[in-house]
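# Fold and contact review
So you can see what is in the structure, the chains are spelled out below.
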Amino acid sequence: MMQFLDKVFHLEDAHTNVKRELIAALTTFVSLSYILFVNPNILSAAGINKGAAFTVTAIATAIGCFLMGFIANYPIALAPTLGSAAFFSYNVVIGMHINWQTALASVLVASILFILITVLKLREKVVDAIPQDLKYAISAGIGLFIAFIGLQNGKLIVDNKSSLVGLGSFNNPAVWITLFGLILTVILMAAKVPGSIFIGMIVTAIFGMVIGQIPMPHGIVSGAPSIAPTFGQAVFHLKDINTPQLFMVVLTFLLVTFFDTAGTLIGMTQQAGMVDKNGKIPRIGKAFLSDSLAMVEGSVLGTAPLGTSVESSAGIAMGGRTGLTAIFVGILFLVSMIFSPLLAVIPTTVTAPALIIVGVLMAGNLKYIHWDNFEIAFPSFLVVVGMPLTYSISDGLALGMIAYPITMIASKRYKEVSPMMYILFVIFVIFFLITNMG
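Residues numbered from 1 in each chain as written. Predicted model: local features only at pLDDT ≥ 70, side-chain atom pairs only at ≥ 80, totals over all residues. Heavy atoms only, no water.

For clarity, the cut-off: UniProt positions are given in the numbering used here, feature names are shortened, and annotations may be inferred rather than shown by experiment.
Per an unreviewed UniProt entry, the recorded name for the chain is Xanthine/uracil/vitamin C permease, and the organism is Lactobacillus gasseri. In its Subcellular location (unreviewed entry) section, the UniProt entry covering the chain states "Cell membrane".

The following block contains the structure:
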């Protein structure tokens, strides 16, 4: 069995083993499991049956992970992204008064276009054209974004009317659970204890139950709701995509998912040490094909666009290096459908410390950026701070990509800018006009 797994996933070449991949998968799964409950809550606002959305989220994520694991051999999970889910429910369905069935059809059309541009290798050309400094900035920016999400989920950072954000109240028990988990995980990490992030989450959950802030589960096993209310609705309503407004919705789904996924994939592969000395990412075409196919299956099942999960970084930090990690994550999501009572009691305060720690690890890429060259430093800085401050990977990426050609031209280094970067400059300007002129 071990030889078979090594042959399929090249474990030895990646300097990993089955045990390490399983621990990485458990860490990614625990970090990402909130999607099983948050995604249905968001989609239910659009009128989608919450029970069906729960099961679809689990199945779609599992299939996405299997695709990424077997096709690309990447330790990265594919799951519905909350940004796309929010855009789906609040902007498209509620804001534009489009029924959810037609909105799913829009996602399906965008997914098919996604496959087309992937087969034409346009996505590979885009990623290859991004300068190495900006790739490091993307990875570090995602790290800060993940850490910011962790600080927010753990209630250490809260909204503030006078200054946008501020420090959370120590009267809030959730803050103490997060601090307990963070201090414990930091100690374990500093002591180089194997599986420290995963151990930290499990012990933090137990601590929360002991102090009475995390409820004990009322049961262990329950049946998974039917997916009949959503299955196939995207296909049945393809004929409804017939207005300029809906074509714009399709284009927006395509652009947001394109840049979100490109940015996240660059960040994850950088963290996993998979990028070669020339800045090339091996098998990136297969990874893009995996997420394109995942978008199609997700829309047919009945959920918002799937994309590369930033929580995969938690598993990568635990040593996940091959597609076996993704396969294990997929299996865990399938199994989780019957263990929903257990998962339902795990709050984001338990997983928050893991995200903060991962943010620290990914921020290490800042040291590789040429900060002494202002024409490189400025666009890199915009990417790094843009992602957490706009709460969007694609928006942060766009800021840096627009600034880069401008600073390079001003410094008379325009010959070093590839034609694709000038094309991306135009595309990102259009992207901003489409997504931020509401």
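Having seen the structure, we can now continue with the description.
### Quick notes on empty space enclosed by the protein
For clarity, the cut-off: Whether a set of points on the 1 Å grid over the protein atoms alone is a cavity depends on a 1.4 Å probe fitting there but being unable to get out, while an open set qualifies as a pocket with protein on both sides within 12 Å along at least five of seven lines; lining residues are those with an atom within 4 Å of a point. Grid points are joined across faces, edges and corners, and a volume is the space filled by probe spheres set on the points. Helix and strand assignments come from DSSP, with helices taken as H or I runs of at least 4 residues and strands as E runs of at least 2, each series counted from the N terminus. Gly counts as polar in this scheme, as do all residues outside two lists: the nonpolar Ala, Val, Leu, Ile, Met, Phe, Trp, Tyr, Cys and Pro, and the charged Asp, Glu, Lys and Arg.
Taken as a whole and judged by the stated rule, the model has 2 cavities of 30 Å³ or more. Roughly 40 Å³ of internal volume is contained in the second largest cavity. Lining the second largest cavity are T81, S84, V256, T257, D260, T261, P305, L306 and G307. Going through the elements one at a time, helix 12 (244-271) and strand 4 (306-308) are the ones with two or more residues in the lining of the second largest cavity. Element by element, the count of residues in the lining of the second largest cavity is highest for helix 12, at 4 residues. Considering only residue class, the lining of the second largest cavity consists of 3 nonpolar, 5 polar and 1 charged.

### Re the side chain of T28
Test applied: The contact rule is simple, with two residues in contact once any of their heavy atoms fall within 4.5 Å.
Tracing the backbone through its elements, the reader meets T28 in helix 2 (residues 18-32). Those residues in contact with T28 that sit more than four places away from it in its chain are A77, E311, S312, A314, G315 and V329.

### Here we look at a nonpolar patch on the surface
Stated formally: By definition, no residue in a patch forms a salt bridge, and every one has over 30% relative accessible area; like charges are joined within 9 Å, nonpolar side chains (Val, Leu, Ile, Met, Phe, Trp, Tyr) within 5 Å. Calculation of accessible area relied on Shrake-Rupley with a 1.4 Å probe; when residues are assessed, cover is drawn exclusively from the protein chains displayed. Each salt bridge in this description consists of a side-chain nitrogen of Lys or Arg and a carboxyl oxygen of Asp or Glu lying within 4 Å of one another.
Nonpolar side chains collect at one region of the surface, where M1, F4, V8 and F70 lie side by side and expose about 470 Å² of accessible area between them. Its place among the elements puts F70 in helix 4 (residues 50-72).

### Let's talk about the side chain of S139
What counts here: The term polar contact refers here to a pair of N or O atoms within 3.5 Å; inside protein, the definition further demands a hydrogen-donor-capable atom paired with an acceptor-capable atom, and it admits residues adjacent in sequence only when both atoms are side-chain atoms.
Mapped onto the fold, S139 is located in helix 8 (residues 132-153). Here the side chain of S139 touches N365 through a polar contact of 2.8 Å, side chain to side chain. In contact with S139, other than residues within four places in its own chain, are G267, Q270, M362 and N365.

### Comments concerning the packing of aromatic side chains
Worth spelling out the cut-off: A pair of Phe, Tyr and Trp rings is counted when the ring centres sit within 6.5 Å of each other, with Trp represented by its six-membered ring. The angle between the planes then sorts it: under 30 degrees is stacked, over 60 is edge-to-face, the rest tilted. Working definition: with a 1.4 Å probe on protein chains only, accessible area under 20% of the residue-type maximum means buried, over 50% means exposed, and in between means partly exposed.
Evaluation of the coordinates by the stated rule reveals 11 aromatic pairs. Ring centres 5.2 Å apart and planes at 90 degrees place the aromatic pair F145 and Y391 in the edge-to-face group. Highlighted residues: F145 in helix 8 and Y391 in the loop between helix 18 (374-390) and helix 19 (393-410), separated in sequence by 246 residues. The class of Y391 is partly exposed, set by a relative accessible area of 39%. The interplanar angle of 10 degrees and the centroid separation of 3.9 Å between the aromatic rings of F180 and F207 together place this pair among those described as stacked. In this pair, F180 is assigned in helix 9 (residues 173-190) and F207 in helix 10 (residues 196-210), connecting sequence segments 27 residues apart. Accessibility expressed as a relative area gives 29% for F180, which makes it partly exposed.

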